[in-house]
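What follows is each chain in one-letter form.
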Amino acid sequence: MTEAPVRRGAARQQSAPIVVIRGGTVVDAASERVADVVVKGGRVVEVGPGLATPRGATVLDAGGCLVSPGLVDLHAHLRQPGAEDAETVETGARGAALGGFTAVVAMPNTDPPVDSAAVALEVLSLGAGAPCHVAVAGAITVGRAGERLAPMGELAALGVRLFTDDGAGVQDVAVMRRALEYARGFDVTLAQHCEVEALARGGHMHEGSWSSRLGVPGIPAEAEEMMVARDIALVRLTGGRMHFLHLSTARSAALVAAAKAEGLVVTAEVTPHHLTLTHAELAGYDPVYKVNPPLRADADVEALRVACAQGTVDAIATDHAPYAPERKDDTLDLAPPGMLGLQTAVPVVFAALGATVHAHGGAPGSAGNGAGREPTSPRMSAREVLGLLSWHPARIAGLARDQGGDQGGPIEPGAPGNICVIDPAAVWEVDPNRLASRSRNTPWAGRLMTGQVRHTLFRGEPVVVDAEAQR
Ligand SMILES: [Zn+2]
């Protein structure tokens, strides 16, 4: 089903070069070992230590680096069609490749939204030549209006595996029940943006000590948690399958943990920024920190980190949300919510989760990326963190190899050449003007990051080499 009629990159694959990824630590779901990787004709052909360099091969140095299956982002706003001044599929995909992603799921809240086969096909064809796989999520309801169900069958036939009205949650519980029952028939997953509008309306940040101090209307944690609880009940009622987008509170994580313990088929993602930043960032009323769901309290950040370590959270997703500068450079109440995420996800997440690198003497991610906060959650291994960024989301997106896709590894002979090489010790400064995105709304401007994507291979082609996009 994931093999959409628009077969991306097939022609390019034939002419893909021979590439040797030399001297890194190969980390995937199966194992972690020091090895070279030879990629030819778009596929991994050999993995092992000290491999000979085939004639005519491009050699990519991976000394001190992690060699991982390409990362998979379940949640990216590529803004096309409709807001090409903020981002296009091309610029978003380039940023994704620079961030180590070999697949992104484009969110359907475009203009028009992806609530028909025609719009889905438009996005898929825009992504056909992109330097990463561009999957598309479909809307749950027509126009994302929350009333009538979108033609899920038509969209599923095009390979759409995830459906969401993201930007808004489906408010009507009867509509959501019907959507879950309908989705079961097509073997697709519903992804909910959990927010009870009646509670969230008019809020610009987390409702708590900082919103009181700043005099800014808040969005209570309960606006999210009530919908998480409601949808868990609906999953129980229907036997459906649900993915929770961008969870942001401690109690949301606890609800999902309880649902999983009960055996319900639910998965959850968190964003890099909800693992690092708190509502205290709003102290200067800077709209770059306005995001939905809002940045929460310290205890929420800590709980989400623990939820990652304990397996309650299945995936890290960027919620990359570009906005043209003139829209975001407004007052806090008027600026739209959202921030960039694709190019900074790896160092931010490695720092937040204290990812340690066992093999090959690489340095652990510095806590400096986390706005000076020391993680108190259990330190995760680099392999565990890469699972959250690659092979777990690949499965949720329906893009894993045994689902008919080509993402998530493992890195072994015969596997598709979708690989990212991460230097965990490289230090670099985030310069908004040098990001691939058309927008500049990163909360990390001017910050030093520890950890950088050095190379990305997409279907065997080096699309990023030495942290530079090749096309
Ligand atoms: Zn959302």
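Each value, and the rule that gives it
Residues numbered from 1 in each chain as written. Predicted model: local features only at pLDDT ≥ 70, side-chain atom pairs only at ≥ 80, totals over all residues. Heavy atoms only, no water. Donors = N, O, S within 2.8 Å, 3.2 Å for Na, K, Ca; no water. Helix = DSSP H or I, 4+ residues; strand = E, 2+ residues; numbered from the N terminus. Buried < 20%, exposed > 50% of the residue type's maximum accessible area, 1.4 Å probe, protein only. Pairing = 2+ DSSP bridges. Contact = heavy atoms within 4.5 Å. Axes fitted to C-alpha atoms, helices over the stretch in contact; angles between N-to-C directions. Polar contact = N/O pair within 3.5 Å; in protein donor to acceptor, adjacent residues only side chain to side chain. 1 Å grid on protein atoms, 1.4 Å probe; cavity = no way out; pocket = protein on both sides within 12 Å on 5 of 7 lines; lining within 4 Å. Points joined across faces, edges and corners; volume = space filled by probe spheres on them. Nonpolar A, V, L, I, M, F, W, Y, C, P; charged D, E, K, R; others polar. pLDDT = per-residue confidence, 0-100.

Some thoughts on the coordination of the zinc ion
1) Next: The protein atoms that coordinate the zinc ion are Asp-166 (OD), His-193 (ND1) and His-246 (NE2), at distances of 1.9 to 2.3 Å.
2) Next: The motif formed by the donor residues of the zinc ion, counted along the single chain, is D-x26-H-x52-H. With Asp-166 in the loop between β9 (162-163) and α5 (173-186) and His-246 in the loop between β13 (242-244) and α9 (250-261), this pair connects stretches of sequence that are 80 residues apart. Comparing Asp-166 with His-246, the two get one shared label, buried.

A closer look at the sheet that holds strand β10 (residues 189-192)
1) Next: With parallel pairing, five strands are arranged side by side in an open sheet as β9-β10-β13-β14-β15. A single partner strand is all that each edge strand has here, and the edge strands are β9 and β15 (315-316).
2) Next: Alignment of β13 against strand β14 (residues 266-270), held across three bridges, turns out to be parallel. Bridge assignment links Met-242 to a residue of β14, and that residue is Val-266.
3) Next: Packing against the sheet, α9 makes contact with β13 and β14, and its axis sits at approximately 155° to β14.

Quick word on the sheet that holds strand β6 (residues 71-76)
1) Next: The strand order β6-β7-β8 describes an open sheet built from three strands, whose pairing is parallel. Single-partner strands in this sheet number two, and they are β6 and β8 (133-136). On average, each strand axis in the sheet is tilted by 20° relative to the strand beside it, whichever way the strands run.
2) Next: The sheet contact formed by strand β7 (residues 101-106) and β8 spans four bridges and is parallel. In the sheet register, Ala-106 faces β8, and the bridge partner there is Val-136.
3) Next: Along the sheet, helix α3 (residues 117-126) contacts β7 and β8; its crossing angle with β8, the most-contacted strand, is approximately 170°.

So, the side chain of Gln-192
1) Next: Here Gln-192 shows up in strand β10.
2) Next: Polar side-chain contacts of Gln-192 include one of 2.8 Å to the side chain of Asp-231.
3) Next: Residues within four places of Gln-192 in sequence aside, it is in contact with Gly-169, Val-170, Met-176, Met-227, Arg-230, Asp-231, Met-242, His-243, Phe-244 and Leu-245.

What to know about the layout of surface pockets
Where empty space is left in the structure can be found by rolling a water-sized probe over the atoms.
1) Next: Volume-wise, the largest pocket comes out at about 460 Å³.
2) Next: Along the walls of the largest pocket sit 26 residues, with Gly-167, His-193, Glu-195, Asn-292 and Pro-337 positioned nearest its centre.
3) Next: Its residues assigned to classes, the lining of the largest pocket shows eight nonpolar, eleven polar and seven charged.

Details of the confidence of the model for the protein
1) Next: Residues with a pLDDT of 70 or more make up 92% of the protein, whose mean pLDDT is 93.
2) Next: Note on residues 1-13: pLDDT is under 50 here. Beyond four places in sequence and across chains, it has 36 contacts.

A short note on the environment of Thr-141
1) Next: Here Thr-141 shows up in the loop between β8 and α4 (152-157).
2) Next: Residue classification places Thr-141 among the buried residues on the basis of a relative accessible area of 0%.
3) Next: Placed eleven residues apart in sequence, Thr-141 and Met-152 show a C-alpha to C-alpha distance of 9.0 Å.
4) Next: Sequence-distant contacts of Thr-141, that is, excluding residues within four places in its chain, are made with Asp-115, Gly-146, Glu-147, Arg-148, Leu-149, Ala-150, Asp-165 and Val-175.

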